[in-house]
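Here's the letter readout for the chains.
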Amino acid sequence: MATELVLLGTGTPNAEADRHGSALAVVVDGHSYLVDFGPGVVRRALRAWREQGIEALAPRQLRLAFLTHLHHDHTAGLPDLLLTPWTLGRRDPLTVYGPLGLAALAGGVGAAWREDVRERLEGLEPANDGGQRLLAREFGTPGTVFQDERVEVRAFRVEHGSWPAWAYRFETAEGCIVVSGDTAPCAGIEAAARGCDILVHEVYSARSFAALTPAWQRYHGSVHTSASELAALARRVRPGLLLLVHQLSWGGNCDTLPDEVREGYDGPVLNGRDLQRVPLPLRRQGGSVILRP
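Residues numbered from 1 in each chain as written. Predicted model: local features only at pLDDT ≥ 70, side-chain atom pairs only at ≥ 80, totals over all residues. Heavy atoms only, no water.

(A) Looking closely at the nonpolar core. With 30 residues, the main nonpolar core has Phe 66, Tyr 168 and Phe 170 as its most contacted residues. Core analysis: the second largest hydrophobic core is formed by 28 residues, Ala 48, Leu 81, Val 109 and Val 117 among them. (Core = buried A, V, L, I, M, F, W, Y, C linked by side-chain atoms within 4.5 Å. Buried < 20%, exposed > 50% of the residue type's maximum accessible area, 1.4 Å probe, protein only.)

As structure tokens, then:
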């Protein structure tokens, strides 16, 4: 059984040319398990399939996803994830697991694109009746939310404002991957991340934070995680690899974020980039983790 992590989008709500909206895939034995679906998710998956040969990310294979929370930079790709693979031949419904509010989001997508679907099904296009369906599986308590013969997915409550937000822990035969979603430091992410092989975690620059207005400092300091806070978390949970995503530097250089984290943490840290791949089990050379080209 082969397992790898593929970053499809490492961006934030602030549009960037080289970072698409939040999205990644855990690929296990030729099957993909998406986490979040920010803007550009299908195009990024298509590129990973065509240029890197990851068959599990071919559009027809995008059938299952998990949502951390309802912010638009994590959800705006949902119509694309639902409808584009369908027009390219996917026959199975898209199933999404996520927080309370997911069903309303799914209903809104269905209503907004009802005429598109009607025309494709009733017009001359040879569309199948199946791949356009969206199955929303809401949950409200932590624990195992999905399991098959390849992976167990557990959800942990994290702190990101007033609404439900979740981190996910993927347990496979070759290792464990934890995805923080957006979160402030909290007991939930610490419990989820303890002893994992890869911790994919959001981060903001503690250095750049000082230049923000008081209102923005209050917001980011309450719902996100600074580089120094993340270093403290990593010291406690000791992941095999700490992979930074959703990097906020507010005009600074995001490439320096790993250095900020390393000021308080001596383990392997990488700045995540779109289309980056990390195989499990982790392979090391000296003190560095070897990525998949």
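(B) Empty space enclosed by the protein, seen in detail. Applying the stated rule across the entire model yields one cavity of 30 Å³ or more. Reported here for the largest cavity is a volume of approximately 130 Å³. Along its surface, the largest cavity is lined by 16 residues, and Ser 22, Leu 24, Asp 36, Val 179 and Val 245 are the ones closest to its centre. Residues belonging to the lining of the largest cavity are distributed by class as follows: seven nonpolar, seven polar and two charged. (1 Å grid on protein atoms, 1.4 Å probe; cavity = no way out; pocket = protein on both sides within 12 Å on 5 of 7 lines; lining within 4 Å. Points joined across faces, edges and corners; volume = space filled by probe spheres on them. Nonpolar A, V, L, I, M, F, W, Y, C, P; charged D, E, K, R; others polar.)

(C) Layout of the sheet that holds strand β6 (residues 134–138). Taken in spatial order, the seven strands line up as β6-β5-β4-β3-β2-β1-β14 in an open sheet, and their pairing is mixed. The strands lining the two open edges of the sheet, one partner per strand, are β6 and β14 (277–280). Strand-to-strand twist in this sheet, taken as the mean axis angle between neighbours without regard to direction, amounts to 20°. With five bridges joining them, strand β5 (residues 94–98) and β6 adopt parallel strand pairing. Paired with Tyr 97 across the two strands is Arg 137, which belongs to β6. (Pairing = 2+ DSSP bridges. Helix = DSSP H or I, 4+ residues; strand = E, 2+ residues; numbered from the N terminus. Axes fitted to C-alpha atoms, helices over the stretch in contact; angles between N-to-C directions.)

(D) Examining the pairing of strand β10 (residues 175–179) more closely. Of all five residues making up β10, five are buried, and the element is well covered by its neighbours. Here β10 shows no split at all, with Gly 175, Ile 177 and Val 179 on one side and Cys 176 and Val 178 on the other all buried. In this structure, strand β9 (residues 165–172) lies alongside β10, joined through five bridges in antiparallel fashion. The residue of β10 that forms the bridge with Thr 172 is Gly 175. Between the antiparallel neighbours β9 and β10 lie two residues. As defined by bridge partners, β10 adjoins strand β11 (residues 198–204) across three bridges and the pair is classed as parallel. Bridge pairing links Val 179 to Val 200 in β11.

(E) A look at the pattern of salt bridges. Counted by the stated rule, this structure contains 21 salt bridges. In this structure, Glu 51 engages Arg 47 in a salt bridge whose closest nitrogen and oxygen atoms are separated by 3.0 Å. Placement of the pair is Glu 51 and Arg 47 together in helix α1 (residues 41–52), with a separation of four residues, close to one helical turn. The class of Arg 47 is partly exposed, set by a relative accessible area of 39%. Note that Arg 169 is salt-bridged to Glu 171, the shortest N-O span being 2.6 Å. Within the structure, one salt-bridge network assembled from shared partners comprises Glu 115, Arg 118, Glu 119 and Glu 122. (Salt bridge = Lys/Arg side-chain N within 4 Å of Asp/Glu carboxyl O.)

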